Amino acid sequence: MLRVGLVGSGLMGATHADAWRRTSAHLAGVYSIDTDGAKRLANQHQVGVYESLPALLNDVDVVDVCTPTHLHHDIALQAAAAGKHVVCEKPLARTMEQARAMIAACEEANVQLLVAHVVRFFPEYALAKAVVERGDIGQVAVIRLTRCSSLPTWATDNWLSDPVRSGGMLLDLMIHDFDYARWVAGDVESVYVRHVRGHNPQKVEDYGIAILRHTSGTISNIEGGWAYPKGMFRTALEIAGDAGLIEHPAGSSVPLAIYRKDEGDAHVAPMPSSPLAEDPYTTEIKHFYDVIENGTVPRVTAYDGLAALRIALAAVKSAASGRSVNVAEVG
């Protein structure tokens, strides 16, 4: 039985723990610098609490990293050195140097490094990608994505609001849609960003717009924000091609609407039944289990995580400089 050790006991740690319990893996226990949080999570799932990372590494086959972003690198290197597979929450790392070191260490150890870009597992996003691949809307020209929420104040020590540790909203939140846009339209050539904190760094909330130019010629317009009233969260997607349009508006009860130039009225694309029966985090973790245990081709690779990080860091650089940034500039 695949033995999994969880590192981190915050919101994502709890989410991953619940998802692992829905697979055939054995959740061995939790290690976290937040000892009270580790005890609560361990009690909830009736598993052990580890007092150190090396102690956890001795007992598991997989390390699931759900810590603040700036800590991913060190944990992954220790896991790889111990010959353990690594599941890592997005972003893969805080810097490109850290991410490359993680990939190199896991490749040298011949272990998996799987990055939890969960949007690829949301049924409406996955179905939109499949519709594009079928050619139903022709050549993709414009992608519009929205992801806006209230300010995340739930994180331990409020680390998400610290750009040194999290990279800020541009890196932590908008990387979801940077990754998705690249998944749909291919590699990104350049990024141009404007955001609220770029003009007023003292602001706690943030809101921004990013324009991505893909090497394919596609343009992606991505909206992100940590500025909504408490408890609000809205996402939307729109993919326009030369033969039609895919739409999933914010707050819509329609799963996915597809408009084709040659068909008139839109039709609603039915969702696959299995993803609707479980949350996308469970779908994601079940997929990672299959990758590790059965050799399934991963839907998202470590190099996808690296590419998404490169786009996000280019966005941060663009916001700071006020100019369009070629992603190659961030290495």
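Scroll up to find the structure this text is about.
Not measured: the values here are computed from a predicted model.

### Re the overall build of the protein chain
So, point 1. Of regular secondary structure, the protein chain possesses 13 helices and 15 strands.
So, point 2. Here the protein chain has a C-alpha radius of gyration of 20 Å; the compact-globule value for 331 residues is 20 Å, and the two agree.
So, point 3. If you line up the protein chain on its principal axes, its C-alpha atoms span 60 × 45 × 40 Å.
So, point 4. By residue count, 54% of the 331 residues in the protein chain fall in the buried class.
So, point 5. In the protein chain, the share of contacts with a sequence separation of at least 24, taken over all contacts with a separation of at least 6, comes to 65%.
So, point 6. When the accessible area of the protein chain is evaluated, it comes to approximately 14,100 Å², of which 50% is carbon and sulfur surface.

### Let's talk about the pattern of salt bridges
So, point 1. Tallying each qualifying case throughout the model produces 15 salt bridges.
So, point 2. One salt bridge in this structure joins D304 and R182, with 3.0 Å as the shortest N-O distance. Pair noted here: D304 is in helix α13 (residues 302-321) and R182 is in helix α9 (residues 175-185), with a separation of 122 residues, a long-range link.
So, point 3. A relative accessible area of 13% places D304 in the buried class.
So, point 4. Accessibility expressed as a relative area gives 17% for R182, which makes it buried.
So, point 5. The closest approach of N and O atoms between K317 and E329, which form a salt bridge, is 3.4 Å. One end of the pair, K317, is in helix α13; the other, E329, is in the segment after β15 (325-326), with 12 residues separating them in the sequence.
So, point 6. By relative accessible area, E329 is classed as partly exposed at 37%.

### Let's talk about unusual backbone geometry
For residues besides glycine, phi is generally negative; the peptide bonds are generally trans as well.
So, point 1. Cis geometry marks the peptide bond from K90 to P91; its omega dihedral reads -15 degrees.
So, point 2. Examined against the element boundaries, P91 turns out to sit in the loop between β5 (85-89) and α5 (96-109).
So, point 3. For Q46, which is not a glycine, the phi torsion comes out positive at approximately 55 degrees.
So, point 4. Topologically, Q46 is positioned in the loop between α2 (35-45) and β3 (48-49).

### A short note on the packing of helix α4 (residues 72-81) against α5
The angle between the axes and the distance between the axes are what describe a pair of packed helices.
So, point 1. Axis separation between α4 and α5 bottoms out at 9 Å; the angle between their running directions is 10 degrees. Taken together, the axes of α4 and α5 are roughly parallel relative to one another. Side by side, α4 and α5 meet where H72, H73, A76, L77 and A80 of the first sit next to Q98, A101, M102, A105, C106 and A109 of the second.

### Description of the sheet that holds strand β4 (residues 62-65)
So, point 1. Taken in spatial order, the six strands of this open sheet run β3-β2-β1-β4-β5-β6, and their pairing is parallel. Two strands in the sheet have a free side with no partner beyond their single neighbour: β3 and β6 (113-116).
So, point 2. In terms of strand pairing, strand β2 (residues 26-31) meets β3 through two bridges, oriented parallel. When the sheet's bridge partners are listed, G29 is paired in β3 with G48.

### Things to note about the state of the cysteines
Simply put, disulfide is the name for a covalent bond between the sulfur atoms of two cysteines.
So, point 1. The tally for this structure, following the rule as stated, stands at zero disulfides.
So, point 2. With no disulfide partner, C106 has as its closest neighbouring cysteine sulfur the one in C88, 9.1 Å distant.
So, point 3. Given the relative accessible area of 2%, C106 is considered buried.

### Comments concerning a nonpolar patch on the surface
So, point 1. Taken together, the side chains of V196, Y207, I209 and I211 define a hydrophobic patch exposed on the protein surface, amounting to about 270 Å² of accessible area.
So, point 2. The dominant element in the nonpolar patch, judged by the number of residues it contributes, is strand β9 (residues 206-214), at three residues.
So, point 3. Its place among the elements puts V196 in helix α10 (residues 196-199).
So, point 4. Classification of V196 as partly exposed rests on a relative accessible area of 33%.

### Thoughts on the packing of aromatic side chains
What characterises a pair of aromatic rings is the spacing of the ring centres plus the angle enclosed by the ring planes.
So, point 1. Counted by the stated rule, this structure contains four aromatic pairs.
So, point 2. Measuring from ring centre to ring centre gives 5.0 Å for Y125 and Y180, while their planes differ by 90 degrees; the resulting arrangement is edge-to-face. Here Y125 is found in helix α6 (residues 123-134), whereas its partner Y180 is found in helix α9, with 55 residues between them in sequence.
So, point 3. Exposure remark for Y125: the relative accessible area of 2% places this residue in the buried category.
So, point 4. Between Y180 and W183, the ring centres sit 5.9 Å apart and the planes meet at 65 degrees, which makes this aromatic pair edge-to-face. Here Y180 and its partner W183 are both found in helix α9, three residues apart, which amounts to about one turn of the helix.
So, point 5. Of the aromatic side chains, those joined through ring pairs into one cluster are F122, Y125, Y180 and W183.

### Here we look at the side chain of T235
So, point 1. Mapped onto the fold, T235 is located in strand β11 (residues 233-241).
So, point 2. Those residues within four positions of T235 in sequence are excluded, and the remaining contacts are Y125, T146, R147, P249, A250 and G251.

### Digging into α9
So, point 1. Extensive coverage of α9 is indicated by the burial of 11 of its 11 residues.
So, point 2. The complete set of buried residues in α9 reads I175, H176, D177, F178, D179, Y180, A181, R182, W183, V184 and A185.
So, point 3. One or two steps after α9, the chain reaches G186, where phi turns positive at roughly 90 degrees.

What counts as what
Residues numbered from 1 in each chain as written. Predicted model: local features only at pLDDT ≥ 70, side-chain atom pairs only at ≥ 80, totals over all residues. Heavy atoms only, no water. Helix = DSSP H or I, 4+ residues; strand = E, 2+ residues; numbered from the N terminus. Rg over C-alpha atoms; globule rule 2.2 N^0.38 Å. Buried < 20%, exposed > 50% of the residue type's maximum accessible area, 1.4 Å probe, protein only. Contact = heavy atoms within 4.5 Å. Areas by Shrake-Rupley, 256 points an atom, 1.4 Å probe, with all protein chains shown as cover. Salt bridge = Lys/Arg side-chain N within 4 Å of Asp/Glu carboxyl O. Axes fitted to C-alpha atoms, helices over the stretch in contact; angles between N-to-C directions. Parallel < 35°, antiparallel > 145°, perpendicular 65-115°, else oblique. Pairing = 2+ DSSP bridges. Disulfide = S-S within 2.5 Å. Patch = residues over 30% accessible without salt bridge, like charges linked within 9 Å, V, L, I, M, F, W, Y side chains within 5 Å. Phe/Tyr/Trp six-rings, centres within 6.5 Å; stacked < 30°, edge-to-face > 60°.

Any link to function would need more than the numbers given here.
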